[in-house]
Amino acid sequence: MALAVVIFLLVIGSVIFHFASPWWFTDIAADWGSIDFTINVTFWVTGIVFILLNLFLAYCVYKFRQKPGHKAVYEPENHKLEVWLSVITTVGVVAMLAPGLFVWASIVTPPDDATEFEAMGQQWQWAFRYPGADGILGTADTQMVTETNPFGVNIADPNGQDDVIVSAPEMHLPLDKPVKALLRSNDTLHNYTVPQFRVKMDLVPGLISYIWFEPNKAGRYDIMCEELCGIGHFAMRGSVVVETQAEYDVWLAAQPTFAETQTVAAANPAAGQAQYAVCAACHGAQGEGNQALNSPKLAGQSPWYIERQLKYFKEGARGGEGDTNGQAMTAMANMLVDDTAIRNMAAYIATMPDTAATPTVTGDVANGYEIYDRNCAACHLDNGDGTWYTDAPKLAGMSDWYFVTQISNFRAGIRGLHPSDVYGEQMVGMATAMSGLEEIEDVAAYINTLR
Amino acid sequence: MAYVPLADQDSEMEMHHPHSWVTKYVWSQDHKVIAIQYGGLAIAVGVVALILSLLMRMQLGFPETFDLIDPSSYYQSVTMHGMIMVVYMLTALLLGGFGNYLIPLMCGARDMVFPFLNMLSVWVYALSVIILLSSFFVGGGPTGSGWTLYPPQTALAGTPGHDMGIVLMLLSLAVFVVAFTMGGLNYVTTVLQYRCRGLTMMRLPLTVWGIFIATILGLFAFPALLVSAIMMLFDLLLGTSFFMPAVIEAGTPLDHNGGSPILFQHLFWFFGHPEVYIVALPAFGLVSDVLSTHARKNIFGYRMMVWAIIAIGGLSFVVWAHHMYVSGMHPYFGFFFATTTLIIAVPTALKVYNWVLTLWEGDIRLNAPMYFAIGFIFTFIHGGLTGLFLGNVVIDLPLSDTYFVVAHFHMVMGVSPVLVIFAALYHWFPKVSGRMFHEGMAKAHFWITFLGTYAIYLPMHYLGFLGVPRRYYAMGATDFIPESAQDLNAAITIAALIVGAAQILFFVNIFWSLRNGKKAGPNPWGSASLEWQTPDTPPKHGNWGDELPTVYRWAYDYSVPGAHEDFIPQNVPESEEPTADEQHFDPDHDASKAGA
Amino acid sequence: MSLFKTLTDKPWERKGIIGGLNPEGTFESPPERVALGFFLTIASVIFSMFGVSYVIRMSLPDWEPLAEPSQLWLNTGLLAISSILFQWARNIANAGKQKNLMTAFIGGGVFAVLFIAGQMVIWENLQATGFYVASNPANSFFYLLTGLHIAHLLGGLWVWSKSSIRLLSGSKPEDVRLSIELCTLYWHFLLIVWLVIFAILSNT
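Residues numbered from 1 in each chain as written. Chains lettered and ligands numbered in written order. Predicted model: local features only at pLDDT ≥ 70, side-chain atom pairs only at ≥ 80, totals over all residues. Heavy atoms only, no water.

## Details of the domain arrangement of chain B
Residues and elements named next belong to chain B. Applicable threshold: Each domain span listed reflects an automatic or database assignment of domains. In what follows, residue pairs with any heavy atoms lying within 4.5 Å of each other are defined as contacts. As a working definition, buried area equals the accessible area (1.4 Å probe) given up by two parts on being put together, with both sides summed. Salt bridge, as applied in this entry: a Lys or Arg side-chain nitrogen positioned within 4 Å of an Asp or Glu carboxyl oxygen. Polar contacts here mean pairs of N or O atoms no more than 3.5 Å apart (in protein, one a potential hydrogen donor and the other a potential acceptor; neighbouring residues in sequence count only if both atoms are side-chain atoms). Per the convention used, a helix needs a DSSP run of H or I reaching at least four residues, while a strand needs a run of E reaching at least two, with both numbered from the N terminus. Residue type decides the class: Asp, Glu, Lys and Arg count as charged, Ala, Val, Leu, Ile, Met, Phe, Trp, Tyr, Cys and Pro as nonpolar, and the leftover types, Gly among them, as polar.
The assigned domain composition of chain B is domain 1 (366-517) and domain 2 (521-596). When each unit is reduced to the centre of its C-alpha atoms, the spacing between domain 1 and domain 2 is 35 Å. In this complex, domain 1 contributes twelve residues to the contact, which on the side of domain 2 involves eleven residues. On the domain 1 side of the contact with domain 2, H427, K431 and M436 bury the most area, a combined 60% of that side's loss. For the interface between domain 1 and domain 2, the tally reads zero salt bridges. Applying the counting criterion to the domain 1 and domain 2 interface returns six residue pairs in polar contact (both at pLDDT 80 or more). Counting residues per element, the side of domain 1 that touches domain 2 draws most heavily on helix α14 (residues 403-433), at seven residues. Tallied by class, the residues present in the side of domain 1 that touches domain 2 amount to seven nonpolar, four polar and one charged.

Written as structure tokens, this is what we have:
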């Protein structure tokens, strides 16, 4: 009896929950209304079946519950009824399947006028490539990937020379133009998902998969990885900006071509040295750092990381609210007028002799190892050297007290949450591997053993 | 030499009667002891997996509060929870546990065909569990690549347990396949060859049909898992490139080249999809018998139920790639697999109709096993219908790899089979132990489990509609997920913790009832099928005393017009029908007499 | 009784005993034979899974076919002789005779051992000439398939050795007749599997 009532209430409750809930698909931003239509058809068919079947179930339980003097009816089968039920079910299934197959047919056949772009995933970042003026993407292969050619573009392929390279996890697309995304991976499976576009597809190393869509609403949308790709899976984010053709053209023109990325003039450490005089006051003449002035050691840090952080300070992506020392750096970084100056500075720092910083933090090394080995080593490597591939800076031999303040900042939301700090955002998630100051110091103590 | 029926050959030879405690309870060849060993071990690892899931829920519901697990152990928990629940818990419990206990009894046999092989099966299964759990204690811990173990991720340094953990996992799976094959050969051969006199296939209870077809599925599907495990072990240990393409590991290119990760996915899901039905079909069978017995009515449309089991079993081998719509396989496969997948909905729906129609015009006894069985119908309807979303390839695009998938498969192959398992455990407990369970405690257990799991999984579908991706350690900031989603997550976690804790009621009930339960007598439910007609309760080694039973009718003669009682056991000849009342036993009235 | 008729039977309409001592639907074979039938089906599934993987992997660009050593022909002959000897032993046992039974049955196993030894020699030679398991997917599959086939043979040899010991210690032929028959069936199966593997390997 109670069961019948509860089933009845659950049906009513589910319906109310559905209509009252604020949780539903995000507003669609691509021309895939047909997918939403198919979902609605399925939703109504299954919803009605859900209500009818369960109400009938509740009725049976109520009506035919055991009562004195009552006896069940003996009815082995009712073939006619079963045939009818099969027919009705089949009709319902066809009603749901048929529109699905038609929509699928259009999903698998990109229109001829769709322009292509490439989304490349690797642990745990997005990068993008556009075909350039010739409209053709050059061939590429994982085996040709290097630090200066992260896409593995075939240098010998003339089609690849004018490809536009976007080495940051933010891409742009023009409004109301069909686009075909070619998906490629350098290491493991990833998945290119923009919830507002509705479609998604895996990136598979060794082959090129594709999806197509036509963005029809301007805005900025998250790109998520939705295929488990390792420990940083949840932090693999990008974004896509949908804008007018004119805006898009301006953006695209500002991005370097592949040929340009291969012919960047060598940095000039001597020029960097001249500007370093200002830095030396705090960071030391040899970049050895000075804890009293809250200035971390620089010598030994990878140039790409120094460059990126200087740009962040300039843009305000670092040194925001709560980061007083970072704010001091913003003023300093602004003295470097352009990207060339920043590159020269990083190149000069790379020439400094790398002597390991003196340990200042103590902690439980064994616990630090546990945490580091399980969570940090995937990007910063077992030896703490870091690598450009995972955008992970060097940790071993660097200032341990600085490590502690930065991880604390990540945990407190002081660093990494600025929308431009796309790489720092990952550390906000990963820093939770350390539960508090004590564990951060444990990890710092372990890193101190890696020199 | 007189011809001895196959099913009774063992009585001619000497039964392997146990002589000591060790041969009786440890190296036992009695299918009933083996069943309890299988079931007990499966439930024990199931509890481990349950605890892992609660750890994950605490992280998801209250990300910064508990700090119980870091990203690494989160992914390890995801993996181990899934693999343990699907393979080591559900498969082992339903086939190794219920299959072992019920097949010989329902077939009127003295034991399985090959008792020694049967004993070997449970101990090899134990070995596979030990290997699996040992991965918690090796450097790097268990693999964190998700229960699907997709390469190349399994082998890369960015995945927890990429060195020892994954090797132990694959090894354990290979050993499990061996154990399953030994058990499975026993189950199918016993059903085919050891049925007692008069027991035709169509007179078998649906439980046997479900387990029989599921075992055949397993025997054909598990090889795919074995094959993929072997090839992946080659890739990991010998440096071959079956599945491994050229990849970069943390900036360094690896030595592999040219392998196909999608080939692994095809092999895995060729196992993985039938695996769903390896779990579901026995549950379908068990619940049919519980429903029929307690509705005091024959299962409606028995023939259709058998055909549906066979049809679902057959179709389950041609739908596997619906798990791979977004895998990058050739997109044209989508047409084929969406069609086959939705076709499978028809026989499945028919089963649901027939369960409900079994209740129609029945005389429904609303006790704890029946509560669980009816609860199953509700959750299975829900889980089955959401499957229609995911099977339809275009709807799968937005929903795949979101919490909708998680909610769907937990509803359909988590909650539903588990409700059936509880229904079956309560239903057959009196036969296994000779005592009744505590009805009040069992009903409390039902209410919390049933309502609690619905409170977990109904809202979870809506997280999926929102687009919340699965397998995320932390959601971080997005522009499309509202803050309120986190409240939903917290509510789900609270419900999960309550449901998890409520399972203690089950264990308390079992252990309390083993000592203090009312004596049950041989047939407390007034059931018509053969396992309730044994001369002893619990049945002794050899099950049937001196003489094997003879079967005169199907297993569902309930409320037959003109009969004196509302059930006629299978082994009652037509001539004796009116006097069947001495078989009847009502626990509420006769318990004291039987207990004497 | 056909499968169709079995499955369309209305069990509630037929009462009483159906069939003789064994109910309808029971196979006229000993259970061991039924179980072996299932096992051979499973083994076929395993080998066909590898076969399918082989064909799919072969279509990828880095495949370099392996030149199969001619010694494979010799080994195939050894396995065929082994199979023939088993068949001979089965015929003798089925006729209830004893003469040559020991020679045939044990000889069959010995030739199987020789086959395995021959396969090992091929492995050695391949390794010596630089064809390692990881050099190319074709090599990997060669080692994998031959190895898997040997593993199945070793399983068979385990049963064979138990039966041989029973024969040597003077068991009556009718007591081991079933074992001999099942071994023979298994050996024929493995010969066929080997011929299929050999055909695939040498034609690709």
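The structure having been displayed, the exposition proceeds.
## Quick look at helix α6 (residues 164-193) of chain B
We count it as follows: What a helix is expected to span follows from its residue count: subtract one and scale by 1.5 Å. Exposure classes here rest on a 1.4 Å probe applied to the protein chains alone. A residue is buried below 20% of its type maximum, exposed above 50%, and partly exposed in between.
Between its first and last C-alpha, α6 of chain B extends 43 Å over 30 residues, near the 44 Å set by a 1.5 Å rise per residue. The element α6 of chain B is largely enclosed, with a buried count of 27 among its 30 residues.

## Some details on the pattern of salt bridges
Residue and element names in this part refer to chain A. Evaluated as defined, the whole model comprises 23 salt bridges over all chains. Notably, a salt bridge pairs R198 with D36, separated by 2.8 Å at the nearest N-O pair. With R198 in the loop between β6 (190-193) and β7 (200-203) and D36 in helix α2 (residues 33-63), this residue pair connects regions lying 162 residues apart in the sequence. Residue class for R198 comes out buried when judged on its relative accessible area of 3%. Connected via shared salt-bridge partners are E118, R129, D163 and R184.

## A closer look at the interface of chain B and chain A
Accessible area lost when the parts come together is the quantity often used to give the size of an interface. On the chain A side, the residues contacting the 124 residues of chain B number 113 residues. Each partner contributes to the roughly 10100 Å² buried at the junction of chain B and chain A, and carbon and sulfur atoms together form 67% of this total. Our count for the chain B to chain A interface comes out at two salt bridges. Inspection of the chain B/chain A interface yields 33 residue pairs in polar contact (both at pLDDT 80 or more). In terms of residue class, the side of chain B that touches chain A is built from 79 nonpolar, 29 polar and 16 charged.

## With respect to the packing of aromatic side chains
To keep things clear, this is the line we draw: Classification of ring pairs uses Phe, Tyr and Trp, with its six-membered ring standing for Trp, and accepts pairs whose centres are within 6.5 Å; under 30 degrees between planes counts as stacked, over 60 as edge-to-face, and the remaining range as tilted.
Applying the stated rule across the entire model yields 92 aromatic pairs over all chains. An angle of 75° between the planes, with centres 6.0 Å apart, marks the rings of F43 of chain A and F389 of chain B as edge-to-face. Note that F43 of chain A is positioned in helix α2 and F389 of chain B in helix α12 (residues 368-391), a pairing that runs across two chains. On the basis of relative accessibility, which here comes to 3%, the residue F389 of chain B falls in the buried class. An angle of 75° between the planes, with centres 5.3 Å apart, marks the rings of Y462 of chain B and F465 of chain B as edge-to-face. Of this pair, Y462 of chain B and F465 of chain B both sit in helix α15 (residues 439-466), separated by three residues, roughly a single helical turn.

## With respect to the state of the cysteines
This is how it is decided: Two cysteine sulfur atoms form a disulfide, by the criterion used here, when they sit within 2.5 Å.
Going through the model one piece at a time under the given rule, you end up with zero disulfides over all chains. Between C279 of chain A, a free cysteine, and C282 of chain A, which holds the nearest cysteine sulfur, the sulfur-to-sulfur gap is 8.8 Å.

## Regarding the sheet that holds β6 of chain A
All names here are of chain A. The line we're drawing: Pairing between strands is defined by DSSP: at least two bridges between the two strands are required. Think of each axis as a best-fit line through the C-alpha atoms, taken over the contacting stretch in the case of a helix, with angles from 0 to 180 degrees between the N-to-C directions.
The strand order across the open sheet formed by five strands is β4-β10-β9-β6-β7, and the pairing between neighbours is mixed. If you trace the sheet from one side to the other, it starts and ends with β4 (170-174) and β7, each paired once. When the angles between neighbouring strand axes are averaged without regard to direction, this sheet yields 25°. Sheet analysis places strand β9 (residues 219-225) next to strand β10 (residues 237-243), joined by six bridges and oriented antiparallel. Bridging from a neighbouring strand, G219 pairs with V242 of β10. Its contacts with the sheet put helix α4 (residues 245-253) on β4 and β10, and the angle it makes with β4 is roughly 140°.

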